Structure formats: C-alpha cells, structure tokens
Amino acid sequence: MGDFLLDIGQNPQARKLIKSLGLPIPLPEKLRRARGPWEERPLADVSVVFGAGPEASLANVVAETLAAAGANPYVVGDEGALAPFKAPGESYGRPAKLLAKDAADSEATAKLRAGALVFDATGIEDPAGLRGLYDFFHPWITKLGRSARVVVLGRPPQGASSPAKAAARTALEGFVRSMAKEVGRSGSTAQVVYVEEGAESRLPAVLRFLLSPRSAFITGQPITVTSRVRAPAASPFTRPLDGKVALVTGAARGIGAATAKLLAAEGARVVCLDRPADDGPTSQLAREIGGAVLLADVSDAEAPKLIASELLARFGGVDIVVHNAGITRDKTMARMSPELWDQTLDINLSALVRITDALREKALHDFVRIICLSSIAGIAGNMGQTNYAASKAGVMGFVRALAATDKLSERGITVNAIAPGF
C-alpha cells in the first residue's frame, strides 16, 4: 500500500502547487519505519543518550539491551554512571561514551544527533524528584534527531508506598504525553514504561520495540511490564513465531491482511479466516503467505464451534489469536435502526466473546497471545458511532477481565487490545 500524501510531500512541484492554491493540507512527516521481519540488531548504529535520576535501578538492563541491539550508547553523568555500560560494551564491541551533564552545548557534542533519549526515573520518590526530568531533557532534547524516540522508565503508581510517591510516578505519564506532542512534529515519539519490581528481565523486548522503527505509530503511551504471566523458557528476538499457528479473523483485506503478512514473515503458519463470500481474496492471501484458509461468518451461531474444531483437527490448536473482524454501521442515535445496532454489537463484540470462549475449552496452547482490535472511538467516542464505540469499549472491558484470569496467567497466556486511530 502506497503513502499518497507522503509521496506528494517529497515532490517539490507538488509542494509548490499546494502552497500556491492555499490548500490546508498538512504534509505528514516521512517516518523512519521497519520493513520486513525482525532483525537481531534493530538499533544498529543508532546513538542513544541515557540518563538516570538518583537511586535509579535499571541502568544494567538498559546497558545490556542497547549493546545487544547494536546501539551506540552515550551516558550522561560521571564515571559511576558509566560503570553498568562497561561490561556490555566490551562484550558487544559497543563501548559507551561518557557525557558531562553540561556537555549538551559543547563542541564535543556539536554533531551529535540522538536517535533516542532514555531516562531512568525509577528512583523518583516524590514530586520534588521530578526535577530530574527537566535536568536531563532540557539540555538534551535539542540533540534529538528526526523519527527519534523518547523513553522514560519508572515504577508503577499502583502499590506505591505513599500518596506522594504515587503522584510522582503518575506524573511521568503526563510528562510523556505532552513530550509526545512536542517531538511529534519531527516524526518522533515518547512513551513511559512502568517496570514492576521483579519484572526487569522482561524489559529488553519492550525497549527493543519502542526504540526501533517498528514503534513509529505509537506515541504518548504508558506501558506496564509485569511478571504476573508465566513466561516461556526462551523468547528469540528473530523469527520468534517459527512453528506457531496464528488465527487472524477478517483477514481478507485491510488491517487483517497486513497482520497476516507480518505474522507469516516472522515464521507463523497463518490461518486466514473470513466470510465465505470473501473466499477469493482470502485464498489469494493464504497462497501468498503460505497460510491456510478457514471460511466462516463470525456472526453465525455455529461459527465458534466450527473454528475451534477446525484448528484442533488441522493444526492441533492455536498459539496466536488476532480478533480483527469488525464492521461499522454509522448513524446518529435518532436515525439508527435496531438492525444496525444489533449487527454492529454482535459482530464486533459478541462474536469475539463467543469465539474466545470456544477456543478456551481445548484449542489454546500454553503461552498463547490473544490480541483484540478495539478502536480510538471506544476510548473517545465519535459522532454517529454510538453502536461502534460501545462495541469497541466493550472489547476493552472484555480484555481487561479476561487478562486478569489466573488460569490463563498460569498457562502463560496474555490478552491485549490495540486501539488504532487514523
């Protein structure tokens, strides 16, 4: 799929024409983004400036992650701040460079363009400690390049030992949401990652994603890393889905087709599910990616049983479930017929619940990943979409409740929702 506006934006004649016509068309930033499957060193030769507040605790994990991912680390502080980076730097041939706190405007950093700024705020204990954010970002934000990344690391506000500590930790979210708007003009992003104590070993995969071009369309988000769900013995960074079976509903086109292709590129055997009426495009996609076809109308009462039995009989079960099938039937409430309301809620929400329940009986392997497509409309609402917004908000509620199920956590099964926007 081409990027029409981006292509126009790169054409000098088109830019001149748009300007002369006075058209209010904002030309979007051309983002640095990934193509193809994951690589071993997604941060190859990316300059990452790292800083930490007092009593911060994640420098060792960050140092190992950056070195293994191929980054060039720059550490702001003194020799003590550099210490966690020495061993990883020697192991991977990526020695970190020390930067004085007042070096942002020096001749030594005149040519530095950082691909990322990472700040460890896990030691912030009260609102006064938030000054550390200013002290790090104020001088170094001017060194941030285009399509760059800002990541703040903290501890979750939930379970904080005092209201003041909870306030300081929650403040990190407001900071990155605003920072995301400031750096977004250059195609850059900002996130806060809350790392639960005891879950530090699970941070590298999250950092690799957020600092890489693969996170180009995610910004201003709080992400929490916990150890509540049992983890597999090993999780490779490349070809992580080799030998896995993935089900994608609504796979014939759009987000579903793009998802199926991406999963296949990472090694999964993708089962492309769509309506019998879409047999043509579904079969074409399956042939293209070496997948399989499963035709079913998710609104059919017998569909859940059929899907579960087919996955068991043909593949022995499933490892990844992407609930993508959905529809829009937009009308204002005054003009909406009961048929449009019922159809939207049934396909977008009820069918998802029915299918998941059927799969949970026997078809889910251990360490399954269940991903449900929600929508920004489910968070913020939208004119003429009361039915759609209700269904997508319902998906979020379903995900939160199902994710908290101890039986799934014990089996290493995670449940998440993604809310795309334009």
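Rules of the game
Residues numbered from 1 in each chain as written. Predicted model: local features only at pLDDT ≥ 70, side-chain atom pairs only at ≥ 80, totals over all residues. Heavy atoms only, no water. Pairing = 2+ DSSP bridges. Helix = DSSP H or I, 4+ residues; strand = E, 2+ residues; numbered from the N terminus. Axes fitted to C-alpha atoms, helices over the stretch in contact; angles between N-to-C directions. Contact = heavy atoms within 4.5 Å. Salt bridge = Lys/Arg side-chain N within 4 Å of Asp/Glu carboxyl O. Parallel < 35°, antiparallel > 145°, perpendicular 65-115°, else oblique. Left-handed = near helix turned anticlockwise from the far one by under 90°. Nonpolar A, V, L, I, M, F, W, Y, C, P; charged D, E, K, R; others polar. Expected span 1.5 Å × (residues − 1). Buried < 20%, exposed > 50% of the residue type's maximum accessible area, 1.4 Å probe, protein only.

Draft legend 1. Spatial organisation of the sheet that holds strand E5 (residues 144–154). Pairing is parallel across the open sheet formed by seven strands, whose spatial order is E3-E2-E1-E4-E5-E6-E7. In the strand order of this sheet, the two ends are held by strand E3 (97–99) and strand E7 (221–225), each with one partner. Shown here is a sheet whose adjacent strand axes are inclined to one another by a mean of 25°, direction ignored. Packed on one face of the sheet, helix H3 (residues 59–68) meets strand E1 (47–52), strand E2 (72–76), strand E4 (114–120) and E5 and runs near 175° to E1. Across the sheet, helix H5 (residues 131–140) is in contact with E1, E2, E3, E4 and E5; its angle to E4 comes to roughly 170°.

Draft legend 2. Broad picture of the pattern of salt bridges. Inspection of the entire model under this criterion finds 15 salt bridges. Taking the shortest distance from any N to any O, the salt bridge between Asp366 and Arg230 comes out at 3.6 Å. Taken together, the residues Asp366 in strand E12 (residues 364–373) and Arg230 in the loop between E7 and strand E8 (245–249) connect sequence positions 136 residues apart. Here Asp278 makes a salt bridge to Arg275, at a shortest N to O gap of 3.0 Å. Here the salt bridges share partners, and the residues they tie into one network are Arg230, Asp366 and Arg411.

Draft legend 3. Examining the packing of H3 against helix H7 (residues 203–211) more closely. Between H3 and H7, whose axes approach to 10 Å, the crossing angle comes to 55°. Between H3 and H7, the interaxial angle falls into the category oblique. Remark: the crossing between H3 and H7 carries right-handed chirality. Each of Val61, Val62, Thr65, Leu66 and Ala68 in H3 lies in contact with H7, whose residues at this interface are Leu203, Pro204, Leu207, Arg208 and Leu211. In terms of residue class, the contact of H3 with H7 is built from eight nonpolar, one polar and one charged.

Draft legend 4. Structural context of unusual backbone geometry. The backbone phi angle of Asp45 is positive, close to 65°, even though this residue is not glycine. Within the chain, Ser147 stands out as a residue other than glycine whose phi angle is a positive 50°. Checked against the element boundaries, Ser147 lands in strand E5.

Draft legend 5. Seen up close, helix H13 (residues 386–403). With 18 residues, H13 extends 26 Å between its outermost C-alpha atoms, agreeing within 8% with the 26 Å of an ideal straight helix rising 1.5 Å per residue. When H13 is considered as a whole, its buried residues turn out to be Asn387, Tyr388, Ala389, Ser391, Lys392, Val395, Met396, Phe398, Val399, Leu402 and Ala403. Where H13 is buried, its residues contact helix H11 (338–362), E12, helix H12 (376–380), helix H14 (406–410) and strand E13 (414–418).

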